[in-house]
Amino acid sequence: MITLPKLPPNYEMIAKAFPAVRERKDIAFTFGGILFNPSDMDIDEPFGLHEACHSLQQEKMGKGALGPDRWWKKFIADPKFRKEQELEAFAVQYKRYCELVSDRNRRACYLIKIAANFASPIYGSVVSHGEAVKLIRQYARVPA
């Protein structure tokens, strides 16, 4: 996946739908095979896999820019779709983190952190924090 330290081509559409995006510096966007990382933050392996998951999801919706464009439009318009897509990506992220880190306390803290992200306004608050913790853990199939 190519990483570019700039905003994605559809940033205004995203920010219009999710105004909280403008307030965040620690955010990245996938558009096809490109990870747009406007703040040039460090991307660790688990988060990179989260974004790679979105790339694959977008690819399933069409070739070239058509897939990402369709995916983003549906992601913005359909909260159920958004929840499903993010759940899959957060589960991939959490599962990889657990493969790298065996300490249960660190795993729990990480899960709480990424669940807060999933439950945040940047995704339209499609889940509560408690539901996000439960769903990510179940979908990733990682024991408590």
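**A few points about the packing of helix α3 (residues 66-77) against helix α4 (residues 79-100)**
Consideration 1: Where α3 contacts α4, the two axes come as close as 5 Å, and the packing angle between them is 115°. When the interaxial angle is binned, α3 and α4 end up roughly perpendicular. Residues Trp71, Lys74, Phe75, Ile76 and Ala77 of α3 pack against Pro79, Phe81, Arg82, Gln85 and Glu86 of α4.
Consideration 2: In terms of residue class, the contact of α3 with α4 is made up of six nonpolar, one polar and three charged.

**Digging into the packing of aromatic side chains**
Consideration 1: Evaluation of the coordinates by the stated rule reveals nine aromatic pairs.
Consideration 2: Look at Trp72 and Phe75: their rings are 5.3 Å apart centre to centre, the planes differ by 70°, and that puts the pair in the edge-to-face class. With a gap of three residues between them, Trp72 and Phe75 both fall in helix α3, about one helical turn apart. Comparing Trp72 with Phe75 shows no difference in burial state: the two are buried.
Consideration 3: Between the aromatic rings of Tyr97 and Tyr110, the centroid separation amounts to 3.7 Å while the plane-to-plane angle is 5°, which identifies the pairing as stacked. A residue pair is termed long-range when its members are at least 10 positions apart, and Tyr97 in helix α4 and Tyr110 in helix α5 (residues 104-118) qualify at 13 residues.
Consideration 4: Note on Tyr97: relative accessible area 12%, which makes it buried.
Consideration 5: According to the relative accessible area criterion, Tyr110 is buried, its value standing at 9%.
Consideration 6: Through a chain of ring-to-ring contacts, the aromatic side chains of Phe18, Trp71, Trp72, Phe75 and Phe81 assemble into a single cluster.

**Thoughts on unusual backbone geometry**
A negative phi angle is the norm for most residues apart from glycine, just as the trans form is the norm for most peptide bonds.
Consideration 1: The backbone of Asp40 shows a phi angle near 55°, a positive value even though the residue is not glycine.
Consideration 2: Structurally, Asp40 is set in the loop between β3 (34-36) and α2 (45-59).
Consideration 3: You will see that Ser125, though not glycine, has its phi angle at about 50°, which is positive.
Consideration 4: With respect to the secondary-structure elements, Ser125 resides in the loop between α5 and α6 (129-140).
Consideration 5: Overall, Ser125 belongs to the partly exposed group, its relative accessible area being 44%.

Quick notes on the rules
- Residues numbered from 1 in each chain as written.
- Predicted model: local features only at pLDDT ≥ 70, side-chain atom pairs only at ≥ 80, totals over all residues.
- Heavy atoms only, no water.
- Axes fitted to C-alpha atoms, helices over the stretch in contact; angles between N-to-C directions.
- Helix = DSSP H or I, 4+ residues; strand = E, 2+ residues; numbered from the N terminus.
- Parallel < 35°, antiparallel > 145°, perpendicular 65-115°, else oblique.
- Contact = heavy atoms within 4.5 Å.
- Nonpolar A, V, L, I, M, F, W, Y, C, P; charged D, E, K, R; others polar.
- Phe/Tyr/Trp six-rings, centres within 6.5 Å; stacked < 30°, edge-to-face > 60°.
- Buried < 20%, exposed > 50% of the residue type's maximum accessible area, 1.4 Å probe, protein only.

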